[in-house]
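Chain by chain, the residues:
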Amino acid sequence: MPARSGSGPAAPSTPRLVRSVTIITFAKAWFLVAGYALYLGLTRMLGPGDFGLYAVVTSIISVINNVVIAATLQAVSRFTAASPDRAGSVLRTGLAVQSAVGLGLLVVLQVAAGLVATLLRDPRIEMPLRIAAVIVPAYALYAVHVGFLNGGRRFARQASLDISYSTLRLGFSLALVAFGLGVPGAVGGFVAATLVILVISTLLVRREPRPEGEFPLASFLRFGGWLAVLTLLANLLLTADLWIVKRFSDPAIANEQAGLFRAALTLAQMLYQMLIPLALVLFPTLAHLGTSPDPAVAGPIVRGALRYLTVTVIPGAALLAAAGTPLVTLLYGTAYAPGGAWLEFLAPAYAGWTIAYMLAVALSGSGEVRSGVVVMLVGVIGQVVAGVLLVPVAGPRGVALGDLIGTMAALATGLVFAGRRFGPIVTRTSLVHGVLLAAAFVAIVKLWPTPLWALPIKLVVCAVGGAAFLLMRGELRPPGTQRAATVSGVRA
């Protein structure tokens, strides 16, 4: 374990941090596999039009859902990690707050479903949106349980919940659609999986020790409130583009356009999945260091996370952009092929967003939640303004370009704030390696023509070759094997 400096909390040991990231990564890998299996099934079972309707309905719920689960998870995680002696009080406070929030949002969604359908110019949205609204209160309570486990560093149990939920949602949704229930069935499967996982998480948390201690409600609301704003902005940035496509397309083809755009987004946002396990460990790790962590301790942690994303997300975005149309065609069928061209902008856009969001999470974990909010706000404003201005000229392609403009603005802002908070965090060598790999991937995909069936082989060759290059250059070496430096009495 690293030596303590003064009376502040010690940074977690490298082996434990690596194990934690590995456990969460495995769970999120299964979440990714199950999620894409669901999309692959639904795109073929529903077709572009109905899949577009399903995507719009679930995107509305997901924005609300993700705000509730992420803000609550991180707030409960932070206070549980910072004060283990009062974890039970944190849990009880979180459940009380989220019971009220979840039921309130359920009522609002039931009342507003008709208005949402009118604004998006599609009356078919109303019924599945009312069904999906049941997810919100269930997820509100589930988020408290996951945050409690995360803050207590019970990463294995948290991972078991993730894996169970992903599997349940996949099975329930595809089964109900196969029974002929269409979009309502796909949404109903989402609801059923959420209710079941809530029961499982309740039973799991009840087995954990829950020490009681004084915990003020105001602290939870204050911190959770800022996190809710940050998460809302982050999820609006993930979803506003789909709503712009739906709202500004010809109503006769709006669902089909939304379906094509969502199919492309599922690939571009794959880059974001690389961030989730890192963020779920990074946040409580920085929170454990206190609200004003020593840059000599926190800086290397953030720099290591940024290095990881630099050498994976940048080449990954280049590979998706280069293989866009054939990849979409291979995965979703020829009906979705037009959406592949939009990956030219969507892939680099979501690469930038992934890194910007990691910086916002790091700022929030260290107590600078407002700075994280500003990073996301810059991105959302840039994305929406650019998308609305460009969609009349270039349609969904213009919306994708708007995504790129907004996310690059967020990334630039995040780098400035994080640099001030943690000191130098950009590793130039890693940046060069990431760019070189990106250029090599584009050259291989574009200059090595292959039939569609051989595309997976080409992608695997790129992935294996890229991993070998990074391993040879030391980029995949565990942090603990790198040269340590002692700063202010703490071995970083």
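This text gives an overview of the structure that appears in the document. (Residues numbered from 1 in each chain as written. Predicted model: local features only at pLDDT ≥ 70, side-chain atom pairs only at ≥ 80, totals over all residues. Heavy atoms only, no water.)

1. Some remarks on the overall build of the protein chain
Working step 1: Scanning the protein chain for helices and strands turns up 16 helices and two strands.
Working step 2: Relative to its full complement of 492 residues, the protein chain shows a buried share of 54%.
Working step 3: Pairs at least 24 apart in sequence give 82% of the contacts found in the protein chain among residues at least 6 apart.
Working step 4: A total of about 19700 Å² of accessible surface is found on the protein chain, and carbon and sulfur atoms cover 69% of it. (Helix = DSSP H or I, 4+ residues; strand = E, 2+ residues; numbered from the N terminus. Buried < 20%, exposed > 50% of the residue type's maximum accessible area, 1.4 Å probe, protein only. Contact = heavy atoms within 4.5 Å. Areas by Shrake-Rupley, 256 points an atom, 1.4 Å probe, with all protein chains shown as cover.)

2. Structural notes on the side chain of S249
Working step 1: When you line up the elements, S249 lands in the loop between α6 (217-248) and α7 (254-268).
Working step 2: A polar contact is formed between the side chain of S249 and the backbone oxygen of V245, at a distance of 2.5 Å.
Working step 3: Aside from chain neighbours lying at most four places away, what touches S249 is R121, A254 and Q257. (Polar contact = N/O pair within 3.5 Å; in protein donor to acceptor, adjacent residues only side chain to side chain.)

3. A look at the packing of aromatic side chains
Working step 1: Applying the stated criterion to the full structure yields nine aromatic pairs.
Working step 2: With 5.7 Å between their ring centres and 85 degrees between their planes, Y39 and F51 make a pair best called edge-to-face.
Working step 3: For F51, a relative accessible area of 1% translates into the label buried.
Working step 4: Their ring planes at 5 degrees and their centres at 5.1 Å tell us that W353 and Y357 sit as a pair that is stacked. (Phe/Tyr/Trp six-rings, centres within 6.5 Å; stacked < 30°, edge-to-face > 60°.)

4. Concerning the nonpolar core
Working step 1: Core analysis: the largest hydrophobic core is formed by 124 residues, its most contacted members being Y54, F261, L346, W353 and M376.
Working step 2: Of all the elements, helix α1 (residues 14-82) adds the most residues to this core, at 18 residues.
Working step 3: Among all residues touching F261, those that are not within four sequence positions of it are D241, L242, V245, W342, L346, P396, V399, A400 and D403. (Core = buried A, V, L, I, M, F, W, Y, C linked by side-chain atoms within 4.5 Å.)

5. Concerning the packing of helix α11 (residues 324-332) against helix α16 (residues 455-472)
Working step 1: Running from N to C, α11 and α16 point in directions that differ by 120 degrees, and their axes come no closer than 11 Å. The pairing of α11 with α16 is recorded here as oblique in orientation. Once α11 is placed against α16, the crossing between them reads as left-handed. Residues P326, L327 and L330 of α11 pack against L455, P456 and L459 of α16. (Axes fitted to C-alpha atoms, helices over the stretch in contact; angles between N-to-C directions. Parallel < 35°, antiparallel > 145°, perpendicular 65-115°, else oblique. Left-handed = near helix turned anticlockwise from the far one by under 90°.)

6. Digging into a nonpolar patch on the surface
Working step 1: A cluster of nonpolar residues, L377, I381, V385 and L389, forms a patch on the protein surface that exposes about 370 Å² of accessible area.
Working step 2: Residue position: V385 is located in helix α13 (residues 369-394). (Patch = residues over 30% accessible without salt bridge, like charges linked within 9 Å, V, L, I, M, F, W, Y side chains within 5 Å. Salt bridge = Lys/Arg side-chain N within 4 Å of Asp/Glu carboxyl O.)

7. Quick word on unusual backbone geometry
Working step 1: A positive phi angle is found at R121, which is not glycine, with a value near 60 degrees.
Working step 2: Accessibility expressed as a relative area gives 36% for R121, which makes it partly exposed.

8. Brief notes about the pattern of salt bridges
Working step 1: Applying the stated criterion across every chain yields a total of six salt bridges.
Working step 2: Residue E344 is joined to R397 by a salt bridge in which the shortest nitrogen-to-oxygen separation is 2.7 Å. With E344 in helix α12 (residues 343-365) and R397 in helix α14 (residues 396-422), the pair connects residues that are 53 residues apart, well separated along the chain.
Working step 3: In this structure E344 comes out as partly exposed when scored by relative accessible area, which is 41%.

9. Some points on the packing of helix α15 (residues 428-447) against α16
Working step 1: The geometry of α15 relative to α16 is characterised by a closest axis approach of 11 Å and an angle of 155 degrees between their N-to-C directions. In terms of their interaxial angle, α15 and α16 are classed as roughly antiparallel. Two packed elements cross with a definite hand, and for α15 against α16 that hand is right-handed. On α16, the residues touching H433, L437, F441, I444 and V445 of α15 are K458, C462, G466, F469 and L470.
Working step 2: Among the residues making up the contact of α15 with α16, the classes are represented as seven nonpolar, two polar and one charged. (Nonpolar A, V, L, I, M, F, W, Y, C, P; charged D, E, K, R; others polar.)

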